[in-house]
Amino acid sequence: MDERMLTLKGKSFQNFDEAAECILQMMSKIVDMNTLFIAKNDKETNRIIKAVNVKDNLINEGEELPFKETFCKLTVDHGRKILVIEDITQHQQANELQVAADLGSGSFIGIPIYFENGENYGTICGLDTKNIEFPEQHIQIFESMASVLTYVLELDKANQHIQTLTAPLVPITKGVAILPIIGDITAQRAENIIQIALAKSRDYDLDYLIVDLSGVTQINATVSGALLKLVKILEIIGVKPILTGFQPQMAMNALQVHMDLKDITIDSTLERALQRIGFVLQRE
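About the criteria used
- Residues numbered from 1 in each chain as written.
- Predicted model: local features only at pLDDT ≥ 70, side-chain atom pairs only at ≥ 80, totals over all residues.
- Heavy atoms only, no water.
- Buried < 20%, exposed > 50% of the residue type's maximum accessible area, 1.4 Å probe, protein only.
- Helix = DSSP H or I, 4+ residues; strand = E, 2+ residues; numbered from the N terminus.
- Pairing = 2+ DSSP bridges.
- pLDDT = per-residue confidence, 0-100.
- Contact = heavy atoms within 4.5 Å.
- Expected span 1.5 Å × (residues − 1).
- Phe/Tyr/Trp six-rings, centres within 6.5 Å; stacked < 30°, edge-to-face > 60°.
- Lys NZ or Arg CZ within 6 Å of the ring centre and 35° of its normal.
- Axes fitted to C-alpha atoms, helices over the stretch in contact; angles between N-to-C directions.
- Salt bridge = Lys/Arg side-chain N within 4 Å of Asp/Glu carboxyl O.
- Core = buried A, V, L, I, M, F, W, Y, C linked by side-chain atoms within 4.5 Å.

(A) Layout of the pairing of strand S4 (residues 45-53). Most of S4 sits out of view: 7 of its 9 residues are buried. Here 7 bridges tie strand S3 (residues 35-41) to S4, and the two strands are oriented antiparallel to one another. Note that in S4 the partner of Ile-38 across the bridge is Lys-50. Turn length for the S3-S4 hairpin, with the two strands adjacent in sequence and antiparallel, is 3 residues, and the turn residue Lys-43 shows positive phi of about 75 degrees. Sheet analysis places S4 next to strand S5 (residues 64-66), joined by 3 bridges and oriented antiparallel. Bridging from a neighbouring strand, Arg-47 pairs with Glu-64 of S5.

(B) Examining the confidence of the model for the chain more closely. On average, residues of the chain score 85 in pLDDT, and 85% of them reach the 70 mark or higher. Counting contacts from residues 1-5, a segment whose pLDDT is below 50, to residues more than four positions away or on other chains yields 16 contacts.

(C) Structural detail: helix H1 (residues 16-28). Counted at 1.5 Å a residue, the expected span for H1 with its 13 residues is 18 Å, and the 18 Å between its end C-alpha atoms agrees. Residues of H1 that are buried include every one of Phe-16, Ala-19, Ala-20, Cys-22, Ile-23, Leu-24, Met-26, Met-27 and Ser-28, and no others.

(D) View of the packing of aromatic side chains. Counting across every chain of the model gives 3 aromatic pairs. Here Phe-115 and Tyr-121 contribute two aromatic rings whose centre-to-centre distance is 6.0 Å and whose plane-to-plane angle is 80 degrees, an arrangement assigned as edge-to-face. Take Phe-115 and Tyr-121: they sit in the same class, and that class is buried. Positioned above the aromatic ring of Tyr-114 is the side chain of Arg-80, whose terminal nitrogen or guanidinium carbon lies 4.0 Å from the ring centre.

(E) View of the sheet that holds S3. Within the open sheet, the 6 strands sit side by side as S5-S4-S3-S8-S7-S6. Their pairing is antiparallel. In this open sheet, the two strands that pair with only one neighbour each are S5 and strand S6 (83-85). Here the average twist between neighbouring strands, direction ignored, is 25 degrees. Most of the contacts of H1 go to S4, to which it runs at about 50 degrees, and overall it touches S3, S4 and strand S8 (120-128).

(F) Highlighting the pattern of salt bridges. By the definition in use, this model includes 6 salt bridges. Ionic pairing is found between Glu-21 and Lys-50, a salt bridge with its closest N-O pair at 3.9 Å. A residue pair is termed long-range when its members are at least 10 positions apart, and Glu-21 in helix H1 and Lys-50 in strand S4 qualify at 29 residues. Between Lys-130 and Asp-128 there is a salt bridge, with its nearest N and O atoms 3.0 Å apart. The class for Lys-130 is partly exposed, based on a relative accessible area of 37%.

(G) Looking closely at the nonpolar core. Core analysis: the largest hydrophobic core is formed by 30 residues, its most contacted members being Phe-16, Met-27, Ile-38, Tyr-121, Ile-124, Phe-142 and Leu-149. Mapped onto this core, the elements with two or more residues apiece are H1, S3, S4, strand S7 (107-114), S8 and helix H5 (136-165). A total of 8 residues in this core trace back to one element, the largest contributor, which is H5. Judged by nonpolar contacts, the second largest core, of 26 residues, contains Leu-169, Ile-194, Val-211 and Val-239.

Structure, rendered in structure tokens:
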């Protein structure tokens, strides 16, 4: 199944971070403010996900503050309407915050970003040390970009769901699970599969993970690299990987891309892999 992507100004993005970066860069060329940023909150902590500073570094990516001490909380509390503060020193709630004291003076604009189910993700905001009278055009830009980011968030959720469905790790008994891989494998999907395999291997305390490739359409450099990486990482954490489901054409492709299979346990079928680790399948 193909991954969904957002296209903006001729560019395609596979995740929220990529789109957020482009949106802020685009807005900084239109909105006359020193700093534009996107923050995520969990009701306790407010974390800066992306930030663009034109001159002074007022906000930096990765910074965290208690949510209740931020302009972002004022924005979320304001509801779905955009919060515009042209003079922070004249706004009672903003002026009471430590961040306002640190800034000294200036202006702020922000609007919440929501998931489609109404849950708040965070905010997209602008900040400056000078007072600004925001024209209607700039207000509309913030409102529009908040809507675009909601759309991107939903695409991210859908992609994550798709990746989970196309690489479902299935425990079959204590210490043993099967990871059937289906369809084409892109670089991003390969990384997702590796992360799923590692997380579930720890969760289920696995001794063996059988990676079934019957549903993979082709072996190329991306696939071979991902499989070799997965095998090595599994071995490092003490899980024995077994590959099954190599079709004749896939085996030929593996040789063409110089995939090193000499130290990897491979069985032609899932049944043989299970027999290798002590399972006996009987028909009733």
